[in-house]
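# Summary of structural features
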Amino acid sequence: MRKAIKPDDAAALVPDGATVLIGGFMGVGTPERMIDALVARGARNLTVIANDAAMPGKGIGKLVSAGAISRAIMSHIGLNPEIQRKMISGEIEVELVPQGTLVERIRAGGVGLGGVLTATGLGTPVEDGKQVIEVDGKRYLVEKPILGDFALIAAQQADYSGNLTYSLTAHNFNPIMALAGRMVIVEPELIVPVGVIPPDAVKTPGVIIDHMLARVA
Amino acid sequence: MRKAIKPDDAAALVPDGATVLIGGFMGVGTPERMIDALVARGARNLTVIANDAAMPGKGIGKLVSAGAISRAIMSHIGLNPEIQRKMISGEIEVELVPQGTLVERIRAGGVGLGGVLTATGLGTPVEDGKQVIEVDGKRYLVEKPILGDFALIAAQQADYSGNLTYSLTAHNFNPIMALAGRMVIVEPELIVPVGVIPPDAVKTPGVIIDHMLARVA
Amino acid sequence: MEQQVTGRPHSGMSAKEVIARRVAQEVRPGMLVNLGIGLPSLVANYIPHDYGVFFQAENGVIGLGARPPEGMEDPHLTDAGGSFVTAVPGAASIDSAMSFGIIRGGHLDMTVLGGLQVDERGFLANWMVPGKMVPGMGGAMDLVAGAKRVIVAMVHSAKGEAKIVPECTLPLTALRRVSLLVTELAVIEPTADGLVLRERGPDISVEEILAQTTAKLIVTGDVPTMCLG
Amino acid sequence: MEQQVTGRPHSGMSAKEVIARRVAQEVRPGMLVNLGIGLPSLVANYIPHDYGVFFQAENGVIGLGARPPEGMEDPHLTDAGGSFVTAVPGAASIDSAMSFGIIRGGHLDMTVLGGLQVDERGFLANWMVPGKMVPGMGGAMDLVAGAKRVIVAMVHSAKGEAKIVPECTLPLTALRRVSLLVTELAVIEPTADGLVLRERGPDISVEEILAQTTAKLIVTGDVPTMCLG
């Protein structure tokens with residue numbers, strides 16, 4: 001059983017300089033209250049790994065605006081001119097990763113693989129500096145696992161065992177990141193008693209969740 | 001929309017000599033009617049990729065007894081003395097693969113990865129003949145993807161779009177194998193109209209399913 | 001997805017409409033299709049409803065439907081461009097690993113993407129212009145590397161500059177030869193021998209196409225006018 | 001899981017009971033634990049219910065419960081040995097990729113496995129005897145390579161033959177040093193320096209342990225008797 005905690009208490013667990021996986025796709029399925037609390041606490045120097053930087057005023061965009069991020073590993077930053085400017089000025093170091101490769105690297109970290117082999121990115125700038133191996137006559141990039149000190153994810157329902165469900169396109173990176181954070185903090189929309197979510201409906205087993213945010217009072 | 005077909009018609013699609021992924025764990029979550037139809041049609045020379053060989057009289061055990069299998073890639077055959085005898089006599093060639101590696105190899109095939117890196121099997125007979133690479137100073141086996149000509153899987157519910165749900169420990173290899181068969185045939189316990197399974201309950205999207213077995217008349 | 005447009009198009013239709021209509025002809029019943037944002041997304045307007053085509057948005061839904069009526073948006077149901085959508089009967093929610101598993105694993109029948117350049121090898125560059133703001137490749141590299149058919153939908157040339165070139169000068173999206181290139185002027189099929197001119201736009205001559213193309217185009221026999229449905 | 005056994009054990013208890021009771025002392029509240037079939041599965045009987053321990057069966061359930069009453073079995077709910085089980089409140093169904101993702105990814109707090117041999121390096125051999133029927137490694141290699149703690153639960157020697165040996169003669173299960181070895185005679189911790197004798201069984205002397213062990217055991221100071229809960 002896990003007691004739900006307040007966003008401020010959760011944000012206090014995440015130190016400056018941490019590597020943080022954050023769920024969401026253009027702000028959909030992003031733990032907004034958790035992000036607000038990080039901004040409020042004045043978090044600095046975070047490495048943020050996420051699909052995208054959302055847009056100013058939404059999701060990860062708020063962390064960008066607040067100057068909380070020094071490094072970003074993302075697949076897309078095109079809807080956030082602010083992070084583009086900060087990338088050019090050198091304030092944020094950005095590593096761009098193909099979306100399918102990014103999710104597999106995070107999964108590899110979460111499920112204890114040493115990496116995955118993919119043809120995505122061959123012959124492109126993504127190949128630069130990467131190990132390339134041949135398997136059965138075909139060339140593949142060796143893509144390394146990604147783990148975060150923290151995974152900050154959003155879910156639809158949680159029970160007090162930490163079991164999670166997700167809704168529609170708010171799944172995105174959340175179920176994968178849940179596996180890859182050394183500490184996993186979830187922001188559910190609803191918390192229900194243990195036993196209310198049937199076993200077959202659970203998409204993330206609660207045993208891998210560390211903390212969850214209490215509902216809005 | 002997919003019309004449901006009879007087991008005999010489905011079995012007729014699977015030629016002798018085919019490589020067949022079959023779902024199930026000790027016979028739980030195995031497409032039994034599909035297997036019965038393969039036995040009835042006298043299938044021969046199949047390469048069967050599955051977690052285990054179940055036991056005589058159950059699931060894949062029936063294919064073993066019927067002499068339908070010439071090669072098996074499995075993680076466990078200990079509850080089926082018949083396949084053990086056939087392995088020793090040379091009638092069935094058996095490749096033993098650690099269970100977690102087997103499921104990742106099938107997943108890699110299904111999701112188009114060139115392989116995965118794992119420490120499982122290092123320093124054991126599993127390492128024999130395999131490529132070993134070093135990533136950030138750690139050694140890993142390069143485990144290659146597995147694809148089947150067919151995936152024969154069991155599900156709890158299907159709709160006529162082919163969307164699937166699974167039940168409890170009858171999930172096992174089924175959702176992963178659904179991705180890795182060039183032709184995927186599912187045996188659901190129940191078929192419901194399109195729209196009855198909510199999007200968030202779908203575990204295998206119907207677009208990757210080719211055929212499904214009609215319910216028992 | 002909004003509504004099916006029927007009847008013969010006028011020659012006065014826009015370049016985008018020509019392209020979207022022509023690409024729609026490539027779609028077969030029952031296909032799983034991913035449409036990029038912008039021009040490619042228009043293709044959905046010209047696919048018959050009774051085709052039972054499923055649209056995938058890489059952010060996590062198979063069975064993407066039309067824009068919802070105002071006030072009926074679900075904040076958890078958007079397309080990859082962030083626009084509100086609906087879900088058709090038989091839709092499935094998937095996470096990003098499954099979404100790209102379907103793309104990379106060859107389960108996606110067709111993707112339609114925009115392009116900056118296509119070259120004689122059939123290689124596409126569509127994600128980055130050095131020296132400009134870099135949006136990131138998003139899912140483009142996986143889509144081009146993994147989809148069964150990759151269709152590039154783009155205007156033939158940009159501000160007088162050719163986009164169909166001998167060799168891409170912009171960074172490539174993938175080493176994969178795309179399946180088909182559709183512009184308002186031409187339908188071009190990249191082959192092992194080079195770029196073959198298959199069709200020409202309404203009232204467009206082969207000469208006009210060649211004049212706006214710096215890549216070598218293989219032209220054999222009569223080049224028919226494209227069918228726009 | 002069947003029932004909690006309380007009170008002081010008698011010295012007359014079986015080797016298996018001694019081992020299972022001692023292993024149970026390693027379990028902490030809230031842990032996720034995987035128990036192998038056979039002897040390791042007995043450990044569940046000695047873990048307090050109020051610990052909120054979740055048991056994982058690698059075939060796909062987290063939150064494995066006791067055997068169901070007769071007639072209430074579900075053919076779709078079994079443990080990794082194929083026996084019918086129940087699901088506790090808060091249980092989750094998972095597929096094999098998630099199941100081994102949890103194992104390999106270090107999310108499993110503890111696995112308890114049987115053993116054929118353990119050697120001075122702390123390496124385990126538990127899946128194959130050359131020349132005998134080979135059952136296959138099943139999930140054993142992933143469990144030993146991936147679990148946070150690996151506890152080997154086995155009788156100290158087999159038919160007079162030592163199982164705790166200088167170097168395994170049987171094929172290894174993994175290159176990973178196991179966390180703890182519990183037999184009816186001893187609790188042994190493999191360390192970088194070698195096998196350290198931590199505890200002895202009820203009424204067992206250090207000499208008796210050494211006599212049944214061909215591996216070098218590091219013995220420092222008094223060796224306490226194991227606590228059996």
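Above this text is the structure in question.
Structure report, in brief. (Residues numbered from 1 in each chain as written. Chains lettered and ligands numbered in written order. Predicted model: local features only at pLDDT ≥ 70, side-chain atom pairs only at ≥ 80, totals over all residues. Heavy atoms only, no water.)

## Concerning the overall build of chain A
The cut-off we apply is this: Secondary structure counts use DSSP, requiring at least four H or I residues in a row for a helix and at least two E residues in a row for a strand, with both numbered from the N terminus. As a reference, a globule follows 2.2 Å times the number of residues to the power 0.38, and the radius of gyration itself is taken over C-alpha atoms. Burial status follows relative accessibility: with a 1.4 Å probe on protein chains alone, a residue under 20% of its type maximum counts as buried, one over 50% as exposed, and anything between as partly exposed. By definition in these notes, contact holds between two residues if any of their heavy atoms fall within 4.5 Å. For the charge count, each Lys or Arg is scored as positive and each Asp or Glu as negative, with His and the chain ends excluded. Charge placement uses NZ in Lys and CZ in Arg. For Asp and Glu, CG and CD serve respectively.
Each helix and strand counted, chain A has six helices and twelve strands in total. Radius of gyration (C-alpha) of chain A: 17 Å, near the 17 Å computed for a compact globule of 217 residues. Counting only C-alpha atoms, chain A reaches 55 × 40 × 30 Å along its principal axes. The burial tally for chain A puts 62% of its 217 residues in the buried class. Across chain A, every contact between residues at least 6 apart in sequence was considered, and the portion connecting residues at least 24 apart equals 70%. If you average the places of the 20 positive and of the 22 negative side-chain charges in chain A, the two averages end up 3 Å apart.

## A short note on the interface of chain A and chain C
To keep it simple, the criterion reads: Reported buried area values correspond to the accessible surface (1.4 Å probe) lost by two parts on association, with both partners' losses combined. Note on definitions: salt bridges are taken to be side-chain nitrogens of Lys or Arg within 4 Å of carboxyl oxygens of Asp or Glu. Here a polar contact is recorded for every N or O atom pair within 3.5 Å, except that within protein the pair must consist of a potential hydrogen donor and a potential acceptor, and residues adjacent in sequence are included only if both atoms are side-chain atoms.
In this complex, chain A contributes 37 residues to the contact, which on the side of chain C involves 35 residues. Summed over both sides, the interface of chain A with chain C buries roughly 2900 Å², with 65% coming from carbon and sulfur. Three residues, Gln99, Leu168 and Thr169 of chain A, lead the burial of chain A against chain C; their summed loss comes to 20% of the area buried on that side. Taken together, the links from chain A to chain C amount to zero salt bridges. Between chain A and chain C we count twelve residue pairs in polar contact (both at pLDDT 80 or more) in total. Every element with two or more residues in the side of chain A that touches chain C is listed here: α4 (81–89), α5 (99–111) and α6 (174–180) of chain A. Broken down by element, the residue count for the side of chain A that touches chain C peaks at five residues, all from α5 of chain A.

## Overview of the side chain of lysine 163 of chain D
All names here are of chain D. Summarising the element assignment, lysine 163 is placed in the loop between β10 (161–162) and β11 (164–165). Glutamate 184 is the oppositely charged side chain nearest to the buried, salt-bridge-free lysine 163, at an N-O distance of 8.1 Å. At 3.0 Å, the side chain of lysine 163 and the backbone oxygen of glycine 115 are in polar contact. Discounting chain neighbours no more than four positions away, the residues touching lysine 163 are Gly115, Leu116, Gln117, Val118, Met154, Val155, His156, Ser157 and Ala158.

## Here we look at the pairing of strand β8 (residues 149–153) of chain D
All names here are of chain D. To keep it simple, the criterion reads: Two strands are said to pair when DSSP picks up at least two bridges between them.
Among the five residues that make up β8, four are buried, leaving the element largely enclosed by the rest of the structure. Summarising the sheet, strand β5 (residues 110–113) and β8 pair through four bridges and their orientation is parallel. Looking at the pairing, valine 112 lines up with isoleucine 151 of β8.

## Considerations on the side chain of asparagine 172 of chain A
Looking at where asparagine 172 of chain A falls in the secondary structure, it is placed in the loop between β10 (164–165) and α6. The exposure class assigned to asparagine 172 of chain A is buried, which follows from its relative accessible area of 0%.

## Side note on the packing of α5 of chain A against helix α5 (residues 99–111) of chain B
Two packed helices can be described by the angle between their axes and the distance between those axes. Convention followed: A fitted line through C-alpha atoms serves as each axis, taken over the contacting stretch for helices, and the angle formed by two N-to-C directions is quoted from 0 to 180°. Any angle that is under 35 degrees is reported as roughly parallel, and any over 145 degrees as roughly antiparallel; angles of 65 to 115 degrees are reported as roughly perpendicular and all others as oblique.
Contact geometry for α5 of chain A and α5 of chain B: axes closest at 14 Å, N-to-C directions at 175 degrees. By the angle between their directions, the pair α5 of chain A and α5 of chain B is classed as roughly antiparallel. In this structure, α5 of chain A contributes Glu104, Arg107 and Val111 of chain A to the contact, and α5 of chain B contributes Glu104, Arg107 and Val111 of chain B.

## Regarding helix α4 (residues 81–89) of chain B
Residue and element names in this part refer to chain B. What α4 keeps buried is the set Glu82, Ile83, Gln84 and Lys86. The inward-facing, buried residues of α4 contact α3 (60–65) and β4 (69–74). Where α4 begins, the side chain of asparagine 80 points an oxygen toward the backbone nitrogen of glutamate 82, at a separation of 3.0 Å. Directly after α4, the chain includes glycine 90, whose backbone phi takes a positive value near 90 degrees.

## Focus: the interface of chain D and chain B
The condition that has to hold: Residue polarity follows a fixed list, in which Ala, Val, Leu, Ile, Met, Phe, Trp, Tyr, Cys and Pro are nonpolar, Asp, Glu, Lys and Arg are charged, and the others, Gly among them, are polar.
Listed per partner, the contact involves 35 residues of chain D and 38 residues of chain B. Summed over both partners, the interface of chain D with chain B comes to about 2900 Å²; 65% of that surface belongs to carbon and sulfur atoms. Summed over the shared surface of chain D and chain B, the number is twelve residue pairs in polar contact (both at pLDDT 80 or more). Elements with a minimum of two residues in the side of chain D that touches chain B: α2 (96–104) and α3 (140–146) of chain D. Per-element tally for the side of chain D that touches chain B: the top contributor is α2 of chain D, with four residues. The residue inventory of the side of chain D that touches chain B, partitioned by class, reads 18 nonpolar, twelve polar and five charged.

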